[in-house]
Amino acid sequence: MSTVTTEAGTGLATRPEASPKTTVPAPARPRRFRWAGRRLAYGLVRAGTRSVAVVALLLLWETAPRLGLVDRTFLPPFSEVAQAWWQLAADGQLADNARASLTRSLSGFGIAVALAVPLGLLIGWYRPAADLLGPLLEVFRNTAALALLPVFVLLLGIGETSKISIVVYACTWPVLLSTISAVRSVDPTLLRLGRSLDLPAIRLFQKVILPASVPAVFTGVRLAGAVSILVLVAAEMIGAKAGLGYLINASQYNFAIPQMYAGIITISAIGVVFNQLLVALERRLSSWRVPANG
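Residues numbered from 1 in each chain as written. Predicted model: local features only at pLDDT ≥ 70, side-chain atom pairs only at ≥ 80, totals over all residues. Heavy atoms only, no water.

Undergrad: Let's hear about the overall build of the protein: which residues, and what values?
TA: Counting its regular elements, the protein contains ten helices and two strands. For the protein, the α and β elements follow one another from N to C terminus as β-β-α-α-α-α-α-α-α-α-α-α. For the protein, the residues scored as buried account for 32% of the 294 residues in total. Of the roughly 19,100 Å² of accessible surface on the protein, a fraction of 66% belongs to carbon and sulfur atoms. (Helix = DSSP H or I, 4+ residues; strand = E, 2+ residues; numbered from the N terminus. Buried < 20%, exposed > 50% of the residue type's maximum accessible area, 1.4 Å probe, protein only. Areas by Shrake-Rupley, 256 points an atom, 1.4 Å probe, with all protein chains shown as cover.)

Here it is as C-alpha cells:
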C-alpha cells in the first residue's frame, strides 16, 4: 500500500517515485521450437530413407505375380499374403504358434547367454582355462548345429528338450567366441593404467575388463539372437506340433502358399524386433562410451 507524504510549507501531497520495472526476458521458445521441428523433420527423412528399400520390395512383390513375371501359384501377390496373415492372426493360429516358438527360442537363448558369457570371460582372462578348453572348443565350434539335430532328436526325443537344447548349442558359440575375443582385445593401455593404480586382479577385472568388453560381447549376443530363431525354425520342422516352423512346414505340405509366406514374414518381423531390443539394451549398458564423432 503506497504512502503519501506532505512537503513542509506547501501542503502539497507527493507520492514516492515508482521503482523502475524489471523486464524479464521471454523464454527462447522460438529457438526451442525450431530445434524440435528440425529434429522431427530429420527423423522423418531418416525413417523414410530407411523404408524406401522395403517399400520397393513390397511393390515388386505385389506387381511381379500380377504381371506374370513369376508364377503366382508359388509366389502370390503380397496383398494375398497379407490377407492370409490377417486370417491366421484373427483365428489365433499365428499367436499360438508364435508363442510356442518364442518360448523355445528365448529359453535356449537365455540359457546360452547365461552359460557362454561367464565361460568366455574365464577363458579370455585365465590362460590355463584357455589352454585346457581350447582344443575342445575348436572341435565343436566347427560343427554346425543343424548337423547335430538328428543326434539331439535321438538322445532327447522330439519334445521340447531337444528343441531348446539345439538352440542352446547354436547360440553358445557366437556369444562364447565374442566374449573371449573381447577380453583378449582390451586396450593394453587401460590394463597398464589399472595396474599402475595397484588395483587387485578382481577390481581390475571389474573396473576395466568388463566395461571394455561390453560392445564386443553384445555383438555375439545379437548374432545369437538371430541364430536362436533360425535354428529353431529348422528344428520345429521335425516332429513339432506347434511353432512357426511347424506352421510353415504344414502350409507347404497343404499347398497353402500364402499362409507359408505369412509365417516367414512373422519370423522376419520377430527377428527385427528382437535385434532392436538387444541394440537398445547394448546402448543402455554402454552409455558411458563417448561417440566416435563426439
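Further notes follow.
Undergrad: Go over unusual backbone geometry with me, naming the residues and quoting the values.
TA: Phi at Phe255 is positive, roughly 60 degrees, even though this residue is not glycine. Take Phe255: it is sitting in the loop between helix 9 (244-253) and helix 10 (257-285). According to the relative accessible area criterion, Phe255 is partly exposed, its value standing at 47%.

Undergrad: Which residues make up the packing of aromatic side chains, and what values go with them?
TA: According to the stated counting rule, one finds six aromatic pairs in the structure shown. Cluster of aromatic residues (ring-pair linked, three or more members): Trp61, Phe78 and Tyr261. (Phe/Tyr/Trp six-rings, centres within 6.5 Å; stacked < 30°, edge-to-face > 60°.)

Undergrad: Could you give an account of the environment of Tyr169, with specific residues and numbers?
TA: Locating Tyr169 in the fold gives a position in helix 6 (residues 160-184). Judged by its relative accessible area of 12%, Tyr169 falls in the buried class. When neighbours within four sequence positions are excluded, Tyr169 is seen to be in contact with Phe140, Thr143, Ala145, Leu148 and Phe152. (Contact = heavy atoms within 4.5 Å.)

Undergrad: Any chance you could break down the environment of Arg184 for me, citing the residues and the numbers?
TA: Position of Arg184 relative to the elements: it lies in helix 6. Along the sequence, Arg184 and Gly124 sit 60 residues apart, while their C-alpha atoms lie 5.7 Å from each other. In this structure Arg184 touches Ile123, Gly124, Arg127 and Ala130, once residues within four positions along its chain are discounted.

Undergrad: So what's going on with the environment of Pro118? Residues and values would help.
TA: Tracing the chain through its elements places Pro118 in helix 3 (residues 93-125). A relative accessible area of 45% means that Pro118 is categorised as partly exposed. Taking the C-alpha atoms as reference points, Pro118 and Leu176, 58 residues apart in sequence, are found 8.6 Å from one another.

Undergrad: Lay out helix 4 (residues 127-141) in plain terms, naming residues and giving numbers.
TA: Remark: the principal bend of helix 4, roughly 45 degrees, maps to Leu133, with a proline, Pro135, within the next four residues. Turning to helix 4, its buried residues are Ala129, Ala130 and Leu137. Residues of helix 4 that are buried in the fold lie against helix 3 and helix 6. (Bend = angle between axes of the 7 residues up to and from the residue.)

Undergrad: Any details on a nonpolar patch on the surface? Residues and values, ideally.
TA: A cluster of nonpolar residues, Leu119, Leu122, Trp125 and Tyr126, forms a patch on the protein surface that exposes about 370 Å² of accessible area. Topologically, Tyr126 is positioned in the loop between helix 3 and helix 4. Using a relative accessible area of 47% as the deciding quantity, one classes Tyr126 as partly exposed. (Patch = residues over 30% accessible without salt bridge, like charges linked within 9 Å, V, L, I, M, F, W, Y side chains within 5 Å. Salt bridge = Lys/Arg side-chain N within 4 Å of Asp/Glu carboxyl O.)

Undergrad: Give me the layout of surface pockets: which residues, what numbers.
TA: The volume enclosed by the largest pocket comes to roughly 440 Å³. Considering the residues around the largest pocket, the lining is formed by Arg50, Val54, Leu57, Leu58, Trp61, Tyr261, Ile264, Ile265, Ser268, Ala269 and Val272. Here the lining of the largest pocket gets six residues from one element, more than from any other, and that element is helix 10. In the lining of the largest pocket, the residues fall into nine nonpolar, one polar and one charged. (1 Å grid on protein atoms, 1.4 Å probe; cavity = no way out; pocket = protein on both sides within 12 Å on 5 of 7 lines; lining within 4 Å. Points joined across faces, edges and corners; volume = space filled by probe spheres on them. Nonpolar A, V, L, I, M, F, W, Y, C, P; charged D, E, K, R; others polar.)

From the geometry alone we can't say anything about function, so treat these as descriptive.
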